[in-house]
Amino acid sequence: EQLAHEFLLDPEFKLDDKGGSSCENPMLSRIRESFHAAFWRSLVDDLCLPQPCYTRVLRVLREIRDGIADLASGTTHAHAVARVLDLEKIEEQVEAGGLA
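What comes next is a walk through the structure. Model, not experiment: these values are computed from the prediction. (Residues numbered from 1 in each chain as written. Predicted model: local features only at pLDDT ≥ 70, side-chain atom pairs only at ≥ 80, totals over all residues. Heavy atoms only, no water.)

Quick notes on the overall build of the protein chain
Counting its secondary structure elements, the protein chain contains five helices and zero strands. Ordering the α and β elements of the protein chain from the N terminus gives α-α-α-α-α. When the 100 residues of the protein chain are sorted by exposure, 18% land in the buried category. The long-range share in the protein chain, meaning contacts at least 24 apart out of those at least 6 apart in sequence, stands at 28%. Total accessible area computed for the protein chain in this model is approximately 7800 Å², and 58% of it derives from carbon and sulfur atoms. (Helix = DSSP H or I, 4+ residues; strand = E, 2+ residues; numbered from the N terminus. Buried < 20%, exposed > 50% of the residue type's maximum accessible area, 1.4 Å probe, protein only. Contact = heavy atoms within 4.5 Å. Areas by Shrake-Rupley, 256 points an atom, 1.4 Å probe, with all protein chains shown as cover.)

See the structure below:
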């Protein structure tokens, strides 16, 4: 509710491209921390299901791999990242039940 209130009523309120606020509001910091913790807990919960769900975990892994590759673009390390984090191979293992 507080975040919605800030969006609607505070003309100075802005989010940067990483989802951070341009103001130093402790309430918004706590909301961000809560969302962050809830996100990671929910990924762990997906993996702890009787039949684990890897969909979001693979999406996060893809984003991490792509971010590292972007940082290393133009170097030989970019190809190494793609080779080490071969998501197609990991997805095949998940589908075959190899990670359960």
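Alright, that's what it looks like, and here's the rest.
As for helix 5 (residues 87-95)
Among the residues of helix 5, Leu 87, Ile 90 and Val 94 are the ones counted as buried. An end-on view of helix 5 places all buried positions within 60° of arc, on one side of the element. Opposite its buried face, helix 5 presents the exposed residues Glu 92 and Glu 95, each directed more than 90 degrees away. On its buried face, helix 5 sits against helix 3 (55-71). The positive-phi residue at the C-terminal boundary of helix 5 is Gly 97, with phi of around 80°. (Arc of directions from axis to C-beta.)

Comments concerning the packing of aromatic side chains
Counted by the stated rule, this structure contains one aromatic pair. Judged by centre distance (5.0 Å) and plane angle (80°), the ring pair of Phe 39 and Trp 40 falls under edge-to-face. Under the relative-accessibility criterion, Phe 39 is labelled partly exposed at 32%. (Phe/Tyr/Trp six-rings, centres within 6.5 Å; stacked < 30°, edge-to-face > 60°.)

A word on the side chain of Asp 46
The residue Asp 46 is located in helix 2 (residues 26-48) in this model. A relative accessible area of 15% places Asp 46 in the buried class. Setting aside chain neighbours within four positions, we find Asp 46 in contact with Pro 52, Cys 53 and Arg 56.

Focus on the packing of helix 3 against helix 4 (residues 76-84)
The geometry of helix 3 relative to helix 4 is characterised by a closest axis approach of 8 Å and an angle of 165° between their N-to-C directions. What the angle tells us is that helix 3 and helix 4 run roughly antiparallel. In this structure, helix 3 crosses over helix 4, and the sense of that crossing is right-handed. Between helix 3, through Arg 65, Ile 68 and Ala 69, and helix 4, the contact on the second element is made entirely by Ala 78, Val 81 and Ala 82. Broken down by class, the residue content of the contact of helix 3 with helix 4 amounts to five nonpolar, no polar and one charged. (Axes fitted to C-alpha atoms, helices over the stretch in contact; angles between N-to-C directions. Parallel < 35°, antiparallel > 145°, perpendicular 65-115°, else oblique. Left-handed = near helix turned anticlockwise from the far one by under 90°. Nonpolar A, V, L, I, M, F, W, Y, C, P; charged D, E, K, R; others polar.)

Interpretation note: all reported values are geometric properties and have no functional meaning in isolation.
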